[in-house]
Amino acid sequence: MQRKPLDWGFILVATLSIGSMIWVTLRDGITVSQHILAEDFWLFLTILPKVALGCLIGGLIRLMIARETIEKYIGEGSGMKGLAIAALIGTLFPAGPFTIFPLAAVLMVSGADRGAAIAFVSGWLLLGINRAVIWEMPFFGTDFVLFRFLVSLPMPVLLGLAARAAIFDHYVNRPPPGEGKA
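With the rule as written, the count across this model stands at four aromatic pairs. Ring geometry for F93 against F120: centres 6.3 Å apart, planes inclined by 75°, an arrangement best described as edge-to-face. One end of the pair, F93, is in the loop between α4 (79–92) and α5 (97–109); the other, F120, is in helix α6 (residues 114–127), and 27 residues separate them in sequence. Accessibility expressed as a relative area gives 23% for F93, which makes it partly exposed. Between the aromatic rings of F101 and W124, the centroid separation amounts to 5.8 Å while the plane-to-plane angle is 80°, which identifies the pairing as edge-to-face. Taken together, the residues F101 in helix α5 and W124 in helix α6 connect sequence positions 23 residues apart. For F101, a relative accessible area of 42% corresponds to the partly exposed category. Note on W124: relative accessible area 9%, which makes it buried.

This structure, assessed with the given rule, holds six salt bridges. A salt bridge links R131 to E136; its shortest N-O distance comes to 3.8 Å. R131 gets classed as partly exposed once you look at its relative accessible area, which sits at 26%.

A few words on the confidence of the model for the chain. Scored by pLDDT, the chain has a mean of 88; 92% of the residues are at 70 or more. A low-confidence stretch, residues 175–182 (pLDDT under 50), is modelled with zero contacts involving residues beyond four sequence positions or located in other chains.

Attention now goes to the environment of L56. Tracing the chain through its elements places L56 in helix α2 (residues 30–64). With relative accessibility at 47%, the residue L56 sits in the partly exposed group. Separated by 114 residues in sequence, L56 and H170 place their C-alpha atoms 31 Å apart.

Here we come to the side chain of S152. Structurally, the position occupied by S152 is in helix α8 (residues 142–152). Looking at S152, its side chain comes within polar contact range of the main-chain oxygen of R148, at 2.9 Å. When near neighbours in sequence (up to four residues on either side) are disregarded, S152 contacts L126 and L127.

With that out of the way, let us pick up α4. Since the α-helix packs 3.6 residues into each turn, any two residues three or four apart lie on the same face. The terminal C-alpha atoms of α4 lie 21 Å apart, and with 14 residues this matches the ideal 20 Å at 1.5 Å per residue to within 8%. Along α4, the residues that are buried comprise G82, L83, A86, A87, G90 and T91. Residues of α4 that are buried make contact with α3 (67–74), α6, α7 (129–140), α8 and α9 (155–163).

This brings us to the packing of α2 against α5. The contact between α2 and α5 brings their axes to 8 Å, and the two run at 30°. With respect to each other, α2 and α5 are oriented roughly parallel. Judged by the twist between their axes, the crossing of α2 over α5 is right-handed. On the side of α2, the interface is formed by I47, K50, V51, G54, C55, I57, G58, G59, I61 and R62, while α5 contributes F98, T99, P102, L103, V106 and V109.

I74, A86, L107, A112 and F120 are the most contacted members of the largest nonpolar core, which has 17 residues in total. At the level of secondary structure, the elements contributing two or more residues to this core comprise α3, α4, α5 and α6. The leading source of residues in this core is α6, at five residues. Discounting residues that sit within four places of it in the chain, I74 has contacts with G82, I85, A86, L107, G111, A112, D113 and A116.

Cut-offs applied
- Residues numbered from 1 in each chain as written.
- Predicted model: local features only at pLDDT ≥ 70, side-chain atom pairs only at ≥ 80, totals over all residues.
- Heavy atoms only, no water.
- Phe/Tyr/Trp six-rings, centres within 6.5 Å; stacked < 30°, edge-to-face > 60°.
- Helix = DSSP H or I, 4+ residues; strand = E, 2+ residues; numbered from the N terminus.
- Buried < 20%, exposed > 50% of the residue type's maximum accessible area, 1.4 Å probe, protein only.
- Salt bridge = Lys/Arg side-chain N within 4 Å of Asp/Glu carboxyl O.
- pLDDT = per-residue confidence, 0-100.
- Contact = heavy atoms within 4.5 Å.
- Polar contact = N/O pair within 3.5 Å; in protein donor to acceptor, adjacent residues only side chain to side chain.
- Expected span 1.5 Å × (residues − 1).
- Axes fitted to C-alpha atoms, helices over the stretch in contact; angles between N-to-C directions.
- Parallel < 35°, antiparallel > 145°, perpendicular 65-115°, else oblique.
- Left-handed = near helix turned anticlockwise from the far one by under 90°.
- Core = buried A, V, L, I, M, F, W, Y, C linked by side-chain atoms within 4.5 Å.

Spelled out as structure tokens, the structure:
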């Protein structure tokens, strides 16, 4: 999976950011915009090491687990069992988005299919045990969290199954520009 430095997501975020900065500058003045940019710069500096470590963890996992193993357990031919494994790993993984998203990308490059990657991320988002125990139970109580967990339980596998549908092949597995042309 080859990444482009300028994709539509980057262009969208850059456009919204620059447009918002111009709007705030026109409405509130340059001083407010400079203050916001300074705060954002420090936020960037605090987040950068976490993103770098998340990418490092993803890269190390790619080296520690053989591609064949990843393909076998959460690759294209892994079926429902592969989706369940990916969802379970996501559910149990006690990390934040700075680790989960790079790890999901590395898993895909290392042989996991898009359905397993979506089940992994969805398991983390919807069922994350770590977050449920530390954050949700103190605020909502055990009964609420267990009910939410049971209602959400099938979703990562169902989302992974939907992601494997052939209808998405055209949008997700496009050949790189220049490939496939005579």
